[in-house]
Structures are given as C-alpha cells and as structure tokens.
Amino acid sequence: MTGRYVWELHEADETRIGAVGGKGAHLGALTRIDGVRVPSGFCVTTDAFRLVARTPSLAGPLDRLAGADADDPAAIRAAAAEVRRAVERAALPGDVAAAVTAALSRLGADAAYAVRSSATAEDLPAASFAGQQDTYLNVVGTAEVLWHVSRCWASLFTERTVTYRRRHGIDDRAVDMAVVVQRMVFPDAAGIMFTADPVTGNRTVVSVEAGFGLGEALVSGLVNPDVFTVRDGAVVGRTIGAKSRAVHAAPGGGTRETPVDPARQTSPALTDAQAVRLAALGRRIEARFGRPQDIEWALTGDDVHILQSRPITTLFPVPAAAADGRFHVYLSVGHQQMMTDAMKPLGRSMWRLTAMAPMHEAGGRLFVDATPQLATPASRAAFLDMIGRTDPLTRDALETVLARDVVLAAPDPAPAGPPAGGPPQPIDTDPAIVTTLVERSQASVAALRRDLGTRSGPELFDFLTEAFAEHKRVLTDPLSGQAIMAGMQATWWLDDKLGEWLGERDAADTLTLSAPGNVTSEMGLALLDVADVIRAYPEVVAFLRDAAADGFLDDLLKLPGGPEAREAIEGYLGRYGMRCVGEIDITRPRWSERPATLVPLILDNVRNFAPGAAARRFAHGRERAEAKAREVLDRLRALPGGERRSAETQAVIERVRTFAGYREYPKYDIVSRYAVYKQALMAEAGRLARAGVLTAAEDVFYLTFDEFREVAATGRVDAALIRRRREEFRAHQALTPPRVLTSDGEALNGSYRRDDVPTGALVGLPVSAGVVEGRARVVTDLADAGLEPGDILVTAHTDPSWTPLFVGAAGLVTEVGGLMTHGAVIAREYGLPAVVAVPDATRLIRDGGRIRVHGTDGYVELLS
C-alpha cells in the first residue's frame, strides 16, 4: 500500500479531513486566517494509520469490538483494550517513520513537540469528540515522537471514545486517525475561549477562561480559571479564580504540576486588553468557520498562539430568520404540542404547511416568533397573561428577556382591509354545537380520503396542496374556536369564582370528570374494552406475551378466540390507529402501521383490571362530578346572594361539561388527516423506490414536501442530500430544545420562584388536583411501561398517544406540559393528581422510588 504519509499543516483545510482528521483540518484552515498565529507543524496522515489498522493482526480484535454489547461497559472496555494493545505493539512502517523523521528535521529534530490525535470523526459540526483522543505535550526527540504517534493511533480505541462513537451512531471501522505534530509553545498563560456563552448560548458574548502556564491545568480541572466575559469589544464581566497550581513543561520532556506563588494566585492571568484582543481573534475565527467555536489559545509575552478550534456542538441552533439583524423571541412549538423530540425534515415541512401560524426551524424543531405579540405594551400584557395561565415557566423565561430592556421590532403593519371584528362572540350552551362540529370534521376527512383516490406523481402533490387549504379551513372554523374557548373560559371562571366564594381550589378538576365527547379519554377507556375481549382467551394472552411482533394479527386467527381478539384490536385501530407517540411528525409510525406497539398496553390492562373497568371508571367519574356539583351549589345557596351565585355557577358547570371534551377533538382531526396524507405519500414513495429512484421509501422522510414533489416530477433524487439530512437528524436528537430562544442564541427555560414547598421537593405546575403517594415508574418508551396498580407515571412528555397508559396510573409527573396541554386535560378527566413541567423529573426521580405528588399545590416529594 502506498500513500502520502505527511502533510505540512498549511496544506490542510476542511476539504482534507479524510487525510488529516478534524483537528488537522481545522488547524490548517486557521493558518489561512489573517492575524491568527498557529504553531508550525505537520500531520501524519490517515494513510499511515491504515497501514497499521488494516493489517490482519487487528482483524480479530476489531471484530470482537464490533460485536461487543453496547449496553455492557465491561465488554466494551475489554474489547477496546485488546485493540489498543494490538495497535501499540504494531511496528511503525518504515516509510512512515522515514516521512515523519524528515518532517522533524525540517522543523528541528531536537525541538519539543506537541503530538495530538486527529480523528476523521472529530471536531465535526455534529460531534466534537472533545477530549476523547489523546494529546502528548513536550515530546522531545525523534524516537519519542514516533512512539507517541503510535500512542495517538491507539487512543482511537479507548473505552470512552468507543462509547462516544456508539452514542453518535459512528462505526469503529469508519473512523481513521491522523496525528498532528507541532512545535511546542511554552506559554505564560493559556486557556479556552468560547465565542458564544457555553451555558446560555448567547452568541453576543465571548467567554475567555485563563490560567497560568499550560492550558492542561484548566482542561484537567486542576484550577479555577479566570473568566472574562467580552461583549462589543469590552469586558463586561470578570471572575478571578484561585490558581494555586499550574502545569509547565518538565526538563527532558513531559509536563509537571508546580505551585503558583501565593502572591500571584489571585492575580488575573490576563489583562482586560488581552481578553478583548483574544475575543476579537475568536470572532475572526468564528467568521471563518461559520459557527460558534471552542478555541484553545496560549499567550507568550504579547504573542497569541491558537492551538485548536472546534465547533461548539452543544449549543441549540438559531432559526435562520434571526439573521435579519433584528431581535426576535421564539417559542418552542414542541413544548406546546408535548413532543420535544427532533422531527425529520418531511415532518417539519408538513407541520409548517398545515399549521395556523408561521413557524421557523432550528435544531430539528419548530418555533413561532412571539416578537410581534411582545412588541407593544398592550399586546404584551395580554400575551403574557395567556401564556402564564398555561405555562408559567415560559412566562418567566419571557419576562427574563423583557427585563433586559431589549429593543423589539414593531410588528409589521396589518394589511389594508375591513376592520377586525374583535373577539369571537360567545355561543350558547348547546350540545348540538359539538355534534355539528364533529360531523363536519368527519365528513371533511371522509371526502379527503375519497378524493385522494389513486392520485400519484405531480397530481398527488397538487391535490395535497389544495387539501392543506381545506385542513386549515376546518381548523380555523370560528365555531370550533368558540367551542374551545367556551370550555376553557368556563374552567377558569369556576376556579376563580369558587376560589373567591368558597375557598375551593381547582374545583373544575372534579366538575369535569367524565365530561362527554372527549375523544382522547375515550381512547384510553376503549383499550380497556379490548382487554376485556382478550382476557377471556388464555391462549391469545399467552401468544401476545411471547410473540407480539408486527404481523401478529394474522397469526391470531389460528388460536381459539383469535378471530374475536383480532376483531377487537382492528376495531380499535379503525378509530384510533392514526395515533402514535410524537404524532405531529408525520414520519413517525402510526399504530395502524405497527399495531404491536399496543400489545404491552393491552396486556397491562388484562393483568391490572377486571372486566367492565371502562364503564365503571366513566360512571364513577360522572358520579363524582355530579356529587361535587351538588355540594358546591348547596354551599353557595347558604351564602348572601347565594341563589344568584348558585344559578350562575350551575350554568357554568353545564357549559364546561358541554364543551370541555371538545378541546381534544381538533388534534384528533389533524392526526386523522395526517394518516390519509401519509398513506398517499408513502404509496408514492414506494412507487419511486420500486422504480429505483429511491433506495428505500423512507428516504423521503429526509426531504421536505416540496423536495419530495420535485423528485416525483423529475425521477431524480440527491442521494448526498439524504445522507446529510440523516446525519443532521442524529445530531438534532442529541439537543434539548428550550422553551424560549432568542435571536442572540440564548436558550431560556424559566424558573419557579416559590419558597412555599418542602426542602428537596421538585416544583412544577399543578394541573390536576389531589395528592397521591406511590412507586415512581420512570418511563421513556411507551412499550416498556409495565405499570402496576398504584404506580405513578413519570416521563418527559405525553401527547395523546400516552392516554391508554393513564388508565393504569395513580398519578402523573412530566418534564414538559401546561395547564391545557393534552396530558393535563386527560389527567383531570381521569382524576389523576398531576404535576407537569417539572425540570429534569426523569433524572431526579428514581425509577422504583416512592414519591408523593401534590397535584393541587404543584410539587413532588421524594420519599425514598
């Protein structure tokens, strides 16, 4: 095998990652930036690494590493150590040694060098691999440099590096290692610079961390560094750390820790002027790479050396619309929809095309621009009041931004036309209104299914574009909005007035139990009815426990009771099969596509409930609501003016029970349409896959709707685009979206400002009254819930697809949610004490530990 084994550093750039690795490519690019000084050096290329790594002696160890269980740290550790030993023992090929020796002679064979790993999957936009591979400082002598090149190669297979690759979906054999060899810099001070605040994400500040001597003291956590915050060319914040130790080069090679003179320990390692100069260099480097950077630097006298620059991969991206130079405030759509996971491009595109408001993309999520609502005092007050009723954390985050006196752009002027008609007029308390709305929706969906027919190619996309207009028309039906607001306003009225008159807190939670027409709560109860059918057939139950794979419905027909079980499941799917976890993303598999998803929930119902549970639960909820209504009305009559108050309250109770259930129907309408859209789109994708245009039908998930349309029209697809989108999606999955995001990049999640909860309790938003104590069941996957009677469900977020799990839970705790989000509505419907929007609940609550949920007061106590 032949290849080029050494590249001079100035020859490299981002186009040469395959040869010199991420670090080498970035260092090469840095040498091309005016005013940026990079220590001279060269790269030992990946061609040299492959001479060793692709030898037969490594085949067995690499195979064993590939086969090691990713969930078994001990297996990963042992397999990685075997590969590492094999690499270190392999003789350095003669041609490689000669090329490195020649490069050292050009730079100075007797000089000291830094020898640094540079993997091809390193310092990338999606995964920085920061600190994963090894660096060796003050390496003196040709033989030592050659030995440390081998050690860098071996560091590609440390346990932490292999685990990191597994987490990012990167195959061990797909990564090669180059090695950077640079003249050693012996600095007076060194450190790290972030061209965006690494904690808040604010892109307008540069954070400079500094210490004495080599930067290893900071990287290893040996000292508390000085931290300078620079904005607009000036230091706006300064923290001087206690720097009792420093790392310096040792005579003869290597490094050593040395004490810092006590008189200097609290002296700044930099002047303000030097920090500002570093920040300016940082901005220049950031501009070259096009995104915020994590930069290592060293200062010798007045000379600044840049040792490394990599992208900051943990920052949440900013919407592209934020580049207009104006300050914007964005709200997370995922927090409103109870689905904060990353969405694939087709999912984001379809939601934007069918949504009622303009949306912007960032980090695989969708955001709405709230700037117009916040720009004027009048609209701001009303908007904050509305947000505060449903999600106080979002309100607090918004108020944090507004408290800084930021300049918000005035909203664009409204288009010319007739004056707005003002708020919608109230409607009568008439159940026929809800019936009419549901019938209209069902007729519209049926027409969509019928008219879509067998359309394909460009005709399909033209039809869908028209269908989206009908989709929006149905969802913006004024009568539908009036019905939803009637239920919400009635709920608020009951809580406000009964709190004022009777001291009753959250009375509406009980008064709305088993409200009629709630399609989401009915979905959970209907699965209990399916369990009633299956429970009667032990062979079916046993089969489902052992063989719940997709396709199981056909196998049921061979069992006693199987036809009845299949009929029950298919009947359920006929009404609810369009639902799934993360249903706002059309690319997610629906229950009708993967009915096995429901099997664990059905089996839980078989195990935990007696026959007839659905009817009993609904009847019990209605009885509790009726009893609460009688109690409240009797107490009101005993007050001064009681007859008037009682009559008014009775009318509002009737109103809330008439309209509260309808709150869930528009979402049901949306996902019903999505099921029809997806069926047509996947039929088209299947046609393109059979024609060889697509490798697989699911490739279209990584295209936008318009891109999909173009592929259908031309019969050509950009395969590289799909590959890049897949990689972007993996990177987006690792990000956590904030509730509020500014155009400066600041990510805010808000805080609860309460001091009325027990020490150690977790604070959240009370959404369903009551107190319950039980075992916490922390669930990240619906299929793995396995709830037992009395368990309290703890999870990150719940959309309507989680409702069947609610019937078996004693309480609910989520990390995301609001007063009127689906999980809160159904928790109240089922009478589950619930606290939502509890930050880090799934991390702070131990699975299997005992907790007490205070659904009225909004906090969770950790009991064990």
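In this text the structure is predicted, and so the values were computed from the model without any measurement.

Re the overall build of the protein
Along its length, the protein carries 31 helices and 26 strands. For the protein, the C-alpha radius of gyration of 31 Å lies close to 29 Å, the compact-globule estimate for 864 residues. Overall, the C-alpha framework of the protein stretches about 95 × 65 × 60 Å when taken along its three principal axes. Expressed as a percentage of contacts within the protein between residues at least 6 apart in sequence, the contacts between residues at least 24 apart total 69%. Working note: accessible area of the protein is about 36,100 Å², and carbon and sulfur atoms make up 52% of it. Counting 96 positive and 110 negative side-chain charges, the protein places the centres of these two groups 2 Å from one another.

Concerning the nonpolar core
In this structure, Ile534, Leu544, Phe552, Leu556, Ile569, Tyr572 and Ile602 are the most contacted members of the largest nonpolar core, which totals 80 residues. In contact with Leu556, not counting residues within four places along its chain, are Val540, Phe543, Leu544, Gly562, Pro563, Ala565, Arg566 and Ile569. In this structure, Leu331, Val401, Phe468 and Val740 belong to the second largest nonpolar core, which totals 60 residues.

Points about the sheet that holds strand β2 (residues 41–44)
In space, the 5 strands of this open sheet follow the order β1-β2-β5-β3-β4, with antiparallel pairing throughout. Single-partner strands in this sheet number two, and they are β1 (6–8) and β4 (135–140). On average, adjacent strands in this sheet sit at an angle of 25° to one another, irrespective of strand direction. In this sheet, β4 lies alongside strand β3 (residues 112–119) in antiparallel orientation, the contact comprising 4 bridges. Counted as the bridge partner of Tyr113 is Val139 from β4. Where helix α1 (residues 17–30) meets the sheet, its contacts fall on β1, β2, β3 and β5 (177–183), and the angle it forms with β3 comes to roughly 120°.

Observations concerning the sheet that holds strand β9 (residues 234–239)
Reading across the sheet, the 6 strands line up as β9-β8-β7-β6-β12-β13 and stay open at both edges, with antiparallel pairing between neighbours. In this open sheet, the two edge strands, each paired with only one partner strand, are β9 and β13 (303–311). On average, each strand axis in the sheet is inclined to that of its neighbour by 20°, with strand direction left out of account. Sheet topology note: the strand β8 (residues 226–231)/β9 ladder contains 5 bridges and is antiparallel. Across the sheet, residue Val230 finds its bridge partner in β9, namely Val235. Strand contacts of helix α9 (residues 272–289): β6 (189–194), β7 (205–212), β8, β9, β12 (293–300) and β13, with the helix running at about 140° to β12, the strand carrying the most contacts.

A closer look at the pairing of strand β16 (residues 365–369)
On any regular strand, side chains alternate: one points to one face of the sheet, the next to the other face. By the criterion of burial, β16 is predominantly enclosed, with 4 of the 5 residues buried. Across 3 bridges, the pairing between strand β14 (residues 329–332) and β16 is antiparallel. Within β16, the position partnered with Leu331 by the bridge is Val368. Strand direction decides the pairing type here: strand β15 (residues 360–362) and β16, joined by 3 bridges, are antiparallel. Counterpart to Ala362 in the pairing with β16 is Arg365.

What to know about the environment of Arg183
By the element assignment, Arg183 lies in strand β5. Linking Arg183 and Met359, residues 176 residues apart in sequence, is a C-alpha distance of 50 Å. Here Arg183 is in contact with Pro39, Ser40, Leu107, Ala111, Ala112 and Tyr113, once residues within four sequence places are set aside. A distance of 2.7 Å separates a polar side-chain atom of Arg183 from the backbone oxygen of Leu107.

Some words on the environment of Phe468
Residue position: Phe468 is located in helix α16 (residues 457–475). Between the C-alpha atom of Phe468 and that of Ser244, which follows or precedes it by 224 residues, the distance is 65 Å. Apart from the residues within four sequence positions on either side, Phe468 is in contact with Met350, Leu353, Thr354, Tyr677 and Phe705.

So, the packing of aromatic side chains
Evaluated as defined, the whole model comprises 15 aromatic pairs. For the pair Trp493 and Trp501, a centre-to-centre distance of 5.7 Å together with 80° between the ring planes defines the contact as edge-to-face. Like Trp493, the residue Trp501 is buried in the burial classification. Each residue in the set Trp351, Phe461, Phe468, Tyr674, Tyr677, Phe705 and Phe708 is aromatic and connected to the rest through ring pairs, giving one cluster. The lysine or arginine in question, Arg264, covers the ring of Phe212, its NZ or CZ lying 4.1 Å from the ring centre. Stacked on the ring of Trp492, the Lys or Arg Arg389 has its end atom at 4.5 Å from the ring centre.

Details of the pattern of salt bridges
Counted under the stated rule, the structure contains 60 salt bridges. A salt bridge links Arg64 to Glu82, with the shortest nitrogen-to-oxygen separation between them at 2.7 Å. With Arg64 in helix α3 (residues 56–67) and Glu82 in helix α4 (residues 73–89), this pair connects stretches of sequence that are 18 residues apart. Classification of Arg64 by relative accessible area gives partly exposed; the value is 47%. The residue Arg245 makes a salt bridge to Glu257 at a minimum N-O spacing of 3.6 Å.

What to know about helix α13 (residues 377–390)
Think of an α-helix as turning once every 3.6 residues; residues three or four places apart then point the same way. An ideal rise of 1.5 Å per residue puts 20 Å on 14 residues; α13 measures up with 20 Å between its terminal C-alpha atoms. Taken together, the buried positions of α13 are occupied by Phe383, Leu384 and Ile387. End-on, the buried residues of α13 take up no more than an arc of 100°, which puts them together on one face. Exposed side of α13, more than 90 degrees from the buried face: Ala378 and Ala382 are the residues found there. Where α13 is buried, its residues meet β14, α12 (371–374) and α14 (392–402).

Things to note about the packing of helix α19 (residues 519–535) against helix α23 (residues 599–608)
The interhelical angle for the contact between α19 and α23, taken along N-to-C directions, is 70°, at an axis separation of 8 Å. Taken together, the axis directions place α19 and α23 in an arrangement best described as roughly perpendicular. Mapping the contact onto sequence places Leu527, Leu528, Val530, Ala531, Ile534 and Arg535 in α19 and Leu601, Ile602, Asn605 and Val606 in α23.

Observations regarding the side chain of Glu664
Structurally, the position occupied by Glu664 is in the loop between α25 (642–659) and α26 (665–690). Look at Glu664: it is buried, it has no salt bridge, and the nearest opposite charge is Arg663 at 4.1 Å. Among the polar contacts listed, one links the side chain of Glu664 to the side chain of Thr520, at a separation of 2.7 Å. In terms of polar contacts, Glu664 uses its side chain to reach the side chain of His822, at 2.8 Å.

Here's the deal with the packing of helix α15 (residues 431–452) against α16
At their nearest, the axes of α15 and α16 sit 11 Å apart, and the two run at 175° to each other. Considering the angle they form, α15 stands roughly antiparallel to α16. On α16, the residues that touch Ser444, Leu448, Asp451 and Leu452 of α15 are Leu460, Phe463, Leu464, Ala467, Glu470 and Val474.

What to know about unusual backbone geometry
Although it is not a glycine, Asp506 adopts a positive phi angle of roughly 60°. Relative to the assigned elements, Asp506 resides in the loop between α17 (478–502) and α18 (507–511). Residue Asp840 is not a glycine yet carries a positive backbone phi of 60°. Using a relative accessible area of 37% as the deciding quantity, one classes Asp840 as partly exposed.

Notes on the pairing of strand β26 (residues 859–862)
Looking at chain direction, strand β19 (residues 762–763) and β26 are connected through 2 bridges and run antiparallel. Note on β26: the bridge partner recorded for Leu762 is Val860. Where strand β25 (residues 850–854) and β26 come together, 4 bridges link them in antiparallel fashion. Bridge pairing links Arg852 to Glu861 in β26.

Section: helix α5 (residues 94–107)
Compared with the 20 Å implied by 1.5 Å per residue over 14 residues, the 20 Å span of α5 between its first and last C-alpha is a close match. By the burial criterion, the buried members of α5 are Val96, Ala97, Val100, Ala103 and Leu104. Looking straight down α5, one finds that the buried residues subtend no more than 130° of arc, so they occupy a single side. Turned more than 90 degrees away from the buried face of α5, the exposed residues are Gly94, Asp95 and Arg106. Looking at the buried side of α5, the elements it contacts are β1, β2, α2 (46–53), β3, α6 (142–154) and β5. Positive phi appears at Gly108, one or two residues downstream of α5, with a value of about 125°.

Calculation criteria
Residues numbered from 1 in each chain as written. Predicted model: local features only at pLDDT ≥ 70, side-chain atom pairs only at ≥ 80, totals over all residues. Heavy atoms only, no water. Helix = DSSP H or I, 4+ residues; strand = E, 2+ residues; numbered from the N terminus. Rg over C-alpha atoms; globule rule 2.2 N^0.38 Å. Contact = heavy atoms within 4.5 Å. Areas by Shrake-Rupley, 256 points an atom, 1.4 Å probe, with all protein chains shown as cover. Lys, Arg positive; Asp, Glu negative; His and termini not counted. Charge placed at Lys NZ, Arg CZ, Asp CG, Glu CD. Core = buried A, V, L, I, M, F, W, Y, C linked by side-chain atoms within 4.5 Å. Buried < 20%, exposed > 50% of the residue type's maximum accessible area, 1.4 Å probe, protein only. Pairing = 2+ DSSP bridges. Axes fitted to C-alpha atoms, helices over the stretch in contact; angles between N-to-C directions. Polar contact = N/O pair within 3.5 Å; in protein donor to acceptor, adjacent residues only side chain to side chain. Phe/Tyr/Trp six-rings, centres within 6.5 Å; stacked < 30°, edge-to-face > 60°. Lys NZ or Arg CZ within 6 Å of the ring centre and 35° of its normal. Salt bridge = Lys/Arg side-chain N within 4 Å of Asp/Glu carboxyl O. Expected span 1.5 Å × (residues − 1). Arc of directions from axis to C-beta. Parallel < 35°, antiparallel > 145°, perpendicular 65-115°, else oblique.

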